[in-house]
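A look at the structure
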Amino acid sequence: RWNSSSNAQAIPTTNYKPLTTNQLTINYNNIKDIWNRIIPTAHITQMNDTRKNLFKSRYKHYFKGTEEGWIEFCTKISEIKFLWGNNGKSWKADFNWVLNENNLLKIIEGKYTPDAVAEKVTAQRTYKDYGMVKDMLKDNLITKEEFNRW
């Protein structure tokens, strides 16, 4: 009734695809190069499919979908010495570990900052440790300031 011409055709509604997409273009070589340039250890040589998928799944939400966001994150974590071997066990984080969502959230929440790590170490001290440190003070192996900090 609206269009009585016999040439009118219905527009199919199935398989409709928008003309624009929200696909992010990620240059994985740049991502790898940024990591290797900023991170002090744990350099990577390849971006395999596992790493690409892991990175892609975090890129938009955690790194603002930009290489600048990735640079900012890498710069921030490069300064967390605990992640790069200064942790009493010589353990070092790597690319895959950092991008594990649980670990990534802990990093963002500050669980590996010097204050958080020191708080955990302090909570693990025992009376036996106190006696040893007190003896070190008595034998002049540490200063009173170092003892008080302990």
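Right, let's walk through the structure included here. Because the structure is predicted, anything quoted here is derived from the model rather than measured. (Residues numbered from 1 in each chain as written. Predicted model: local features only at pLDDT ≥ 70, side-chain atom pairs only at ≥ 80, totals over all residues. Heavy atoms only, no water.)

1. Overview of the side chain of Lys 32
Examined against the element boundaries, Lys 32 turns out to sit in helix H1 (residues 28-38). If we ignore the near neighbours within four places in the chain, the residues touching Lys 32 are Ile 44, Thr 45, Gln 46 and Met 47. (Helix = DSSP H or I, 4+ residues; strand = E, 2+ residues; numbered from the N terminus. Contact = heavy atoms within 4.5 Å.)

2. Focus: unusual backbone geometry
Of note, Lys 64 is a non-glycine position whose phi angle comes to about 60°, a positive value. Looking at Lys 64, the relative accessible area reads 56%, which means it is exposed. One non-glycine residue, Ser 90, adopts positive backbone phi at about 60°. For Ser 90, the position within the fold is in the loop between helix H3 (67-78) and helix H4 (95-99). Among the residues examined, Ser 90 registers a relative accessible area of 57% and is labelled exposed. (Buried < 20%, exposed > 50% of the residue type's maximum accessible area, 1.4 Å probe, protein only.)

3. Some remarks on helix H5 (residues 101-108)
Asn 103, Leu 104 and Ile 107 are the residues of H5 that are buried. Down the axis of H5, the sector holding all buried residues measures 100°, keeping them to one side. Along its buried surface, H5 packs onto helix H2 (49-63), H3 and H4. The opening residue of H5, the one whose side-chain oxygen lies 2.9 Å from the backbone nitrogen of Asn 102, is Asn 100. After H5 finishes, the residue Gly 110 shows a positive phi value of roughly 85°. (Arc of directions from axis to C-beta. Polar contact = N/O pair within 3.5 Å; in protein donor to acceptor, adjacent residues only side chain to side chain.)

4. Describing the packing of aromatic side chains
This model, assessed by the stated rule, comprises 15 aromatic pairs. Geometrically, the ring pair formed by Trp 35 and Phe 95 is edge-to-face, given 5.2 Å between the ring centres and 85° between the ring planes. Of this pair, Trp 35 sits in helix H1 while Phe 95 sits in helix H4; the two residues are 60 residues apart in sequence, bridging distant segments of the chain. The two residues Trp 35 and Phe 95 agree in class, both being buried. On the numbers, 5.5 Å between centres and 15° between planes, the contact of Phe 82 with Tyr 112 is stacked. Taken together, the residues span a long stretch of sequence, with Phe 82 in the loop between H3 and H4 and Tyr 112 in the loop between H5 and helix H6 (114-123) at a distance of 30 residues. Taking relative accessible area as the criterion, Tyr 112 reaches 13% and is therefore assigned buried. Members of the aromatic cluster, connected to one another through ring pairs, are Tyr 28, Trp 35, Phe 55, Tyr 59, Phe 63, Trp 70, Phe 73, Trp 84 and Phe 95. (Phe/Tyr/Trp six-rings, centres within 6.5 Å; stacked < 30°, edge-to-face > 60°.)

5. Quick look at the packing of H1 against H3
Two elements in contact, H1 and H3, have axes whose closest approach is 9 Å; the angle formed by their N-to-C orientations is 25°. Considering the angle they form, H1 stands roughly parallel to H3. The handedness of the crossing between H1 and H3 is right-handed. Two secondary-structure elements touch here, H1 through Asn 30, Ile 31, Ile 34, Trp 35, Arg 37 and Ile 38 and H3 through Glu 67, Trp 70, Ile 71, Cys 74, Thr 75, Ile 77 and Ser 78. Of the residues belonging to the contact of H1 with H3, the class tally is eight nonpolar, three polar and two charged. (Axes fitted to C-alpha atoms, helices over the stretch in contact; angles between N-to-C directions. Parallel < 35°, antiparallel > 145°, perpendicular 65-115°, else oblique. Left-handed = near helix turned anticlockwise from the far one by under 90°. Nonpolar A, V, L, I, M, F, W, Y, C, P; charged D, E, K, R; others polar.)

6. Here's the deal with the pattern of salt bridges
A full pass over the atoms with the stated rule returns two salt bridges. Of the charged contacts in the structure, one is a salt bridge between Asp 33 and Lys 32, with a shortest N-O distance of 3.7 Å. Lys 64 serves as the salt-bridge partner of Glu 72, at 3.2 Å between the closest nitrogen and oxygen. (Salt bridge = Lys/Arg side-chain N within 4 Å of Asp/Glu carboxyl O.)

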